[in-house]
Each structure stands twice: as C-alpha cells, then as structure tokens.
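Fold and contact review
Residue-level listing of the chains:
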Amino acid sequence: MKKYELKLYPDPVLREGSSPVTKVDGSTRHLIKKMSKITYQNQGIGLAAPQVGTLERVIIADIGEGLISMISPEILTGFGEDFLEEGCLSLPETVVNVERKQSVFVRYLDKNEKEKESELNGLTARVIQHEIDHLNGVLIIDHAALSERLNVISKLKI
Ligand SMILES: [Zn+2]
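All residue numbers refer to position in the chain's written sequence, counted from 1. Local features in this predicted model are restricted to residues whose pLDDT is 70 or higher, and side-chain atom pairs enter the listing and the counts only when it is 80 or higher, whereas totals over whole chains, interfaces and linings include all residues. Heavy atoms throughout the structure, all of them, feed into the side-chain values; hydrogens and water do not.

**Points about the nonpolar core**
Think of a nonpolar core as a cluster: buried Ala, Val, Leu, Ile, Met, Phe, Trp, Tyr and Cys residues, connected wherever their side-chain atoms sit within 4.5 Å. Exposed residues in this analysis have more than 50% of their type's maximum accessible area, buried residues have under 20%, and partly exposed residues fall in between, with area computed by a 1.4 Å probe over protein chains only. In terms of nonpolar packing, the biggest core is built from 15 residues, with Leu-31, Met-35, Leu-47, Val-52, Val-58 and Ile-71 touching the most fellow members. Each helix is a run of H or I in the DSSP string that is no shorter than four residues. Each strand is a run of E no shorter than two, and both are numbered from the N terminus. Of all elements in the fold, only helix 1 (26–41) and strand 2 (58–61) reach the threshold of two or more residues within this core. In terms of residue count, the dominant contributor to this core is helix 1 (four residues). Residue contacts are counted whenever heavy atoms from the two residues lie within 4.5 Å of one another. Residues within four places of Leu-47 in sequence aside, it is in contact with Leu-6, Met-35, Ile-38, Thr-39, Val-52, Val-58, Ile-59, Ile-60, Leu-89 and Glu-131.

Next up, the structure:
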C-alpha cells in the first residue's frame, strides 16, 4: 500500500496539475481515508490529494459538519465575493487574505462513482475552492497582493 504523508511548501508536487479520476475504486477510497486522517491529525478543515503527494483530482473537507469527499470536482458557477484570511496545512504559520465566491455549484463523483451536484455556501464553499486550487497547482500565496506575497514568502522557512 502506498504511504501518504503531508507535503510542505516548497515541495514541487504542490505546483503540479492533477489528473481527473474517472474510475473510483478501493485505492481512491483508501486515499480519501488517509487524507481524512492526516487532516484530522493536523486540525485541518480540508485537504487535496497533491498535498499527500498524489496527483489525482480528489479533495476532502470537514468544517465540523461531517466529512465531504469529492472526486474530479468541477465548479460550474459561483456567486458573490468574500474576503477572508486562509491558512493551509502545506504552508504552516502562513495566513493570506483570499477572495472567493460566497456560493458555488460543484459537480463531482462521490465515493461510489455516482455523479452529484451540490450548492455550497460560506466556509464550505471557501474550503472547496481552496482545495480545487490545489488540484491546479495554485496556493494561497498566489492570491496575495504583491506586497503581501513578498512579506509572506520572506517568512516561509525555505
Ligand atoms: Zn491548502
């Protein structure tokens, strides 16, 4: 069985794009289980597969209302704008103000390979947008204004 561990910035895997998953099987469910474990162990509220070194389009989130897992998620549309400070398990001690949509409609496959569509709002919508960014190699520091970005990067221990 593949071993999964949390990848920290500047690990190059965090900058890669992930491939869609069309076949959901035991290895996908195993990956979700491991990602959840790592998230809870680190008191996180979400994680994307590249953060455990796997370039597959799989994300999870739990803002305290139960675990959500999404396979090959796609944002169909979004509404409203909202600014809030975000952190990331792969960027310890880093917070960046990030603009996100307040609500998003997402299409994805569930753990049983069933296609679903959900409307997400507030913090859940924010976490899902953050995790989908990871699938495209995008990190919170990319959302920062230039002045803030230099400040944030200078503080990262690299
Ligand atoms: Zn993150």
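Now that the structure has been shown, we can carry on.
**Brief notes about the coordination of the zinc ion**
Donor criterion used throughout: N, O or S atom within 2.8 Å of the metal, extended to 3.2 Å for Na, K and Ca. Water excluded; incomplete-looking sites may result. Coordination of the zinc ion by the protein comes from Cys-88 (SG), His-130 (NE2) and His-134 (NE2), over a distance range of 2.0 to 2.2 Å. Here the donor residues for the zinc ion map to a single chain with the spacing C-x41-H-x3-H. With His-130 and His-134 both in helix 2 (residues 122–135), this residue pair falls four residues apart, about one helical turn. In this structure His-130 comes out as buried when scored by relative accessible area, which is 8%.

**What about helix 2?**
Helix length check: helix 2 (14 residues) gives 21 Å between terminal C-alpha atoms against 20 Å at 1.5 Å per residue, within 8%. Burial runs high along helix 2: 12 of the 14 residues are buried. Within the span of helix 2, buried status applies to Thr-124, Ala-125, Arg-126, Val-127, Ile-128, Gln-129, His-130, Glu-131, Ile-132, Asp-133, His-134 and Leu-135. Positive backbone phi, approximately 75°, marks Gly-137, located one or two places after helix 2. One less than the number of residues in a helix, times 1.5 Å, gives the span that helix is expected to have.

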